[in-house]
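# Structural overview
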Amino acid sequence: MAGGESRSNVIQARAIATLWRSLAGRRLTTLWRLARLLGPLVERLSRRERRVTRTNLAQVYPSRSDAERRRLSRQSLAHSTATMLELGFAWMGDPERVEAAILEVHGRELLDGARAEGRGVIVLAPHFGNWEVLNFWLSGHFPFTAMYEPPKLAPLDPIIRQGRERRGARLVPTNPRGVAALLKALKRSEAVGILPDQEPDWGSGVFAPFFDRPAYTATLLPKLVARTEARVVTGVALRLPGRGFALHFLAADPRVYDPDEVTSATGVNASVEAAIALEPAQYQWEYKRYRKTLQEAEGRPDFKRFRLY
């Protein structure tokens, strides 16, 4: 097959794309109802997602009761399921319909003000609510560049790329060439998006507190700020279940502007925490945010004892 892609991968990608297309025209009310029905099933059958979600919640909300955390876990997995069901809507749905589903926009003046001053805007977009709807809106209202890593299922790449670029977004690779493209965009007073809560490879981050536990955090942000004097905001698309979305743009924690990488990373994580506080159930807690440990970085032979996952 083309590119040496296995037949099973092609079949799987086609099935997923067909599902996205079939859901693209569904009402958000229908998708949310479906997510609520499937959420408990996902929690019951997806052992990994359930375990990681509960482990993370125990770390970040130790003062909450076990019953409260389990309830939050169920709600979180329902929202994550909704996000997956809404991908077709965000990538393939009628653009006017997607735009109409964005019922509220809070904090847009942070973006407009920065551009009026001739400054670029770095949007920290954590895995909260529906980040694809956020991408849709940003790329339709501002010159927008974002880093993009192709999916493991290669045949899905052109479908996802087309969905994310259909409103004018420019996707660049997660390598030095992509970083250079981000810098150029910021110097043109444009907006760029980066993921603040994805664990980087060793050598590309520092440990900084995330809900009071060390988390390996990317150091791309201070490098971009130092060379462009861009303004930093956090952006999320909060789901209004069954109705639409409310976009929130929040001023980043002031520490993100510090040249010290650990201080800046601490500000990044604090900015993500502030976004999560809008509604903790809408954060993607099933991601292994604490996979890397200080003990592993120090080369301790017993580092595996300190792993959460």
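Predicted model only: the values in this text are computed from it and were never measured.

### Focus: the overall build of the protein
The secondary structure content of the protein amounts to 13 helices and nine strands. Rg of the C-alpha trace for the protein: 19 Å, near the compact-globule value of 19 Å for 309 residues, within the 12% margin. Projected onto its principal axes, the C-alpha positions of the protein cover 50 × 50 × 45 Å. Considering the protein as a whole, with its 309 residues, one finds that 51% of them fall into the buried category.

### Some remarks on the packing of aromatic side chains
Any aromatic ring pair is given by two values, namely how distant the centres are and how the planes are angled relative to each other. If you walk through the whole model with that rule in mind, you get twelve aromatic pairs. Here tyrosine 61 and phenylalanine 211 contribute two aromatic rings whose centre-to-centre distance is 5.9 Å and whose plane-to-plane angle is 65 degrees, an arrangement assigned as edge-to-face. A residue pair is termed long-range when its members are at least 10 positions apart, and tyrosine 61 in the loop between helix 3 (47–60) and helix 4 (66–85) and phenylalanine 211 in the loop between strand 6 (205–210) and strand 7 (213–218) qualify at 150 residues. Each of the two residues, tyrosine 61 as well as phenylalanine 211, counts as buried. Ring centres of tyrosine 283 and tryptophan 285 lie 4.7 Å apart, and the angle between their planes is 75 degrees; this geometry places the pair in the edge-to-face category. For tryptophan 285, a relative accessible area of 2% puts it in the buried group. For arginine 289, the ring lying beneath its charged end belongs to phenylalanine 210, and the centroid distance is 5.6 Å.

### Quick word on helix 1 (residues 7–24)
The end-to-end C-alpha distance of helix 1, which contains 18 residues, comes to 26 Å, matching closely the 26 Å that a straight helix rising 1.5 Å per residue would cover. By the burial criterion, the buried members of helix 1 are Val10, Ala13, Ala17, Trp20, Leu23 and Ala24. For helix 1, the angular spread of the buried residues around the axis is 160 degrees, confining them to a single face. Looking at helix 1, the residues exposed on the side facing more than 90 degrees away from the buried face are Arg7 and Arg14. In this fold, the buried residues of helix 1 make contact with helix 2 (28–45), helix 4, helix 5 (87–92), helix 6 (95–100) and helix 9 (157–165).

### Regarding the pattern of salt bridges
If you walk through the whole model with that rule in mind, you get 19 salt bridges. For glutamate 117, the salt bridge goes to arginine 119, with nearest N and O atoms at 3.2 Å. Accessibility expressed as a relative area gives 26% for arginine 119, which makes it partly exposed. Residues participating in the shared-partner salt-bridge network are Glu117, Arg119 and Arg231.

### What about the nonpolar core?
Counting 44 residues, the largest nonpolar core has Leu111, Leu138 and Phe249 as the members making the most contacts within it. Of all the elements, helix 8 (residues 131–141) adds the most residues to this core, at five residues.

### Quick look at the sheet that holds strand 9 (residues 244–251)
Spatial strand order, 1-9-8-2-5-3-4: seven strands in an open sheet with mixed pairing. Taken across any chain shown, the strands that pair with only one partner, and hence form the sheet edges, are strand 1 (102–106) and strand 4 (170–173). In this sheet, neighbouring strand axes are inclined to one another by 25 degrees on average, regardless of whether the strands run parallel or antiparallel. Sheet topology note: the strand 1/strand 9 ladder contains four bridges and is parallel. Across the sheet, residue histidine 106 finds its bridge partner in strand 9, namely histidine 248. Along the sheet face, helix 9 touches strand 3 (144–148) and strand 4 and points at about 160 degrees away from the line of strand 3.

### Considerations on unusual backbone geometry
Backbone geometry places serine 189, a non-glycine residue, at a positive phi of 65 degrees. Tracing the sequence through the fold places serine 189 in the loop between helix 10 (176–187) and strand 5 (191–194). For serine 189, a relative accessible area of 13% puts it in the buried group.

### Considering the environment of alanine 252
Mapped onto the secondary structure, alanine 252 falls in the loop between strand 9 and helix 12 (261–276). Taking the C-alpha atoms as reference points, alanine 252 and glutamine 295, 43 residues apart in sequence, are found 30 Å from one another.

### Here we look at the packing of helix 2 against helix 3
Packing of helix 2 against helix 3 brings their axes to within 5 Å, and their N-to-C directions diverge by 90 degrees. Comparing their axes, helix 3 and helix 2 come out roughly perpendicular. Contact residues: Glu43, Arg44 and Leu45 in helix 2; Arg47, Arg50 and Arg54 in helix 3.

### Focus on the environment of serine 189
With 69 residues separating them along the chain, serine 189 and glycine 120 place their C-alpha atoms 3.8 Å apart. Dropping the residues within four chain positions of it, serine 189 is found in contact with Arg115, Gly118, Arg119 and Gly120.

### Considerations on the side chain of threonine 219
Structurally, threonine 219 can be placed in the loop between strand 7 and helix 11 (220–228). A polar atom in the side chain of threonine 219 sits 3.2 Å from the side chain of lysine 223. If sequence neighbours within four positions are ignored, threonine 219 has contacts with Ser204, Gly205, Val206 and Glu261.

The rules behind these values
- Residues numbered from 1 in each chain as written.
- Predicted model: local features only at pLDDT ≥ 70, side-chain atom pairs only at ≥ 80, totals over all residues.
- Heavy atoms only, no water.
- Helix = DSSP H or I, 4+ residues; strand = E, 2+ residues; numbered from the N terminus.
- Rg over C-alpha atoms; globule rule 2.2 N^0.38 Å.
- Buried < 20%, exposed > 50% of the residue type's maximum accessible area, 1.4 Å probe, protein only.
- Phe/Tyr/Trp six-rings, centres within 6.5 Å; stacked < 30°, edge-to-face > 60°.
- Lys NZ or Arg CZ within 6 Å of the ring centre and 35° of its normal.
- Expected span 1.5 Å × (residues − 1).
- Arc of directions from axis to C-beta.
- Contact = heavy atoms within 4.5 Å.
- Salt bridge = Lys/Arg side-chain N within 4 Å of Asp/Glu carboxyl O.
- Core = buried A, V, L, I, M, F, W, Y, C linked by side-chain atoms within 4.5 Å.
- Pairing = 2+ DSSP bridges.
- Axes fitted to C-alpha atoms, helices over the stretch in contact; angles between N-to-C directions.
- Parallel < 35°, antiparallel > 145°, perpendicular 65-115°, else oblique.
- Polar contact = N/O pair within 3.5 Å; in protein donor to acceptor, adjacent residues only side chain to side chain.

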